[in-house]
Amino acid sequence: MFPIEAFQSTLAKFTVILRSLQIRFHLTGGLTGTAYGEPRMTQDIDIVIDPVQSKIMIDELVARITRSDFMHSEASVRQAIESDGMFQLLDNTECLKLDIYSREMIPGELSRSVMLEIFAGESLPVVSRVDAAASKLVWIGKGSHKSRRDFRAIFRYASQAEKNLIGQSAKELGLQDLF
């Protein structure tokens, strides 16, 4: 398990790059289960980045990643951004992996991000509770057991209005059977 300072350091290095290029982003994945439900160990950080802005800034984004302390494959970064896919970065100092998704799993999710205090005194954009639950349903459909546990916890702590929106999202995504 990585210490909280490793997550903070790694996130700070990458978010400086994104912010300097005005690429919208938010945290997603296992961290959302902890933010909205129940804590669980996670060994990586999942981030969604704006697919449109990342395509516009692809050359500068790749250049800044290359000058940073992240191990990466330039070809993988470019291919993922061009095809709305996923690429990985490894923080050489902290040995912590970032999974970067250059796409929105739930349409419009970046525009519904919420600011949450992730570290003492430091707030970052995080996928909304409703979109986090919807994305967990997508991953459950792909066989993820961790997502099943995360979904139950996220849903348990949701307000009734959020539960209704989660149900609506499940229906719109064709996942009402999993809901």
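The structure contained in this document is the topic of the report that follows. Keep in mind the model is a prediction, meaning the values are calculated, not measured.

### Re helix α1 (residues 4–20)
Now for step 1: Between its first and last C-alpha atoms α1 spans 24 Å; for 17 residues at 1.5 Å apiece the expected length is 24 Å, and the two agree.
Now for step 2: The set of residues buried in α1 consists of A6, F7, T10, L11, F14, T15, I17 and L18. Here the buried residues of α1 occupy an arc of 150° about the axis, which is enough to place them on one side. Structural note: α1 exposes E5 and V16 on the side pointing more than 90 degrees away from its buried face.
Now for step 3: At the exit of α1 stands Q22, carrying a positive phi of roughly 55°.

### Some details on the side chain of S169
Now for step 1: As for its placement among the helices and strands, S169 is situated in helix α8 (residues 160–172).
Now for step 2: Leaving out residues up to four positions away in the same chain, S169 has contacts with V130 and A134.

### Here's the deal with the layout of surface pockets
Now for step 1: Estimated volume of the largest pocket: approximately 410 Å³.
Now for step 2: Around the largest pocket sit 26 residues that line it, and G29, G30, D46, K136 and W139 are the ones nearest its centre.
Now for step 3: At the level of elements, β2 (44–49), β5 (97–101), α6 (129–141) and α7 (145–156) are the ones that each hand at least two residues to the lining of the largest pocket.
Now for step 4: When residues of the lining of the largest pocket are assigned to their parent elements, the largest contribution, 4 residues, is made by α6.
Now for step 5: A class-by-class count of the residues in the lining of the largest pocket yields 7 nonpolar, 8 polar and 11 charged.

### Some words on unusual backbone geometry
Now for step 1: The backbone of Q22 sits at a positive phi, close to 55°, despite the residue not being glycine.
Now for step 2: Locating Q22 in the fold gives a position in the loop between α1 and β1 (25–28).
Now for step 3: Even without glycine at this site, D84 takes up a positive phi of about 55°.
Now for step 4: Within the secondary structure, D84 is located in the loop between α5 (74–82) and β4 (86–91).
Now for step 5: Under the relative-accessibility criterion, D84 is labelled partly exposed at 34%.

What counts and what doesn't
Residues numbered from 1 in each chain as written. Predicted model: local features only at pLDDT ≥ 70, side-chain atom pairs only at ≥ 80, totals over all residues. Heavy atoms only, no water. Helix = DSSP H or I, 4+ residues; strand = E, 2+ residues; numbered from the N terminus. Expected span 1.5 Å × (residues − 1). Buried < 20%, exposed > 50% of the residue type's maximum accessible area, 1.4 Å probe, protein only. Arc of directions from axis to C-beta. Contact = heavy atoms within 4.5 Å. 1 Å grid on protein atoms, 1.4 Å probe; cavity = no way out; pocket = protein on both sides within 12 Å on 5 of 7 lines; lining within 4 Å. Points joined across faces, edges and corners; volume = space filled by probe spheres on them. Nonpolar A, V, L, I, M, F, W, Y, C, P; charged D, E, K, R; others polar.

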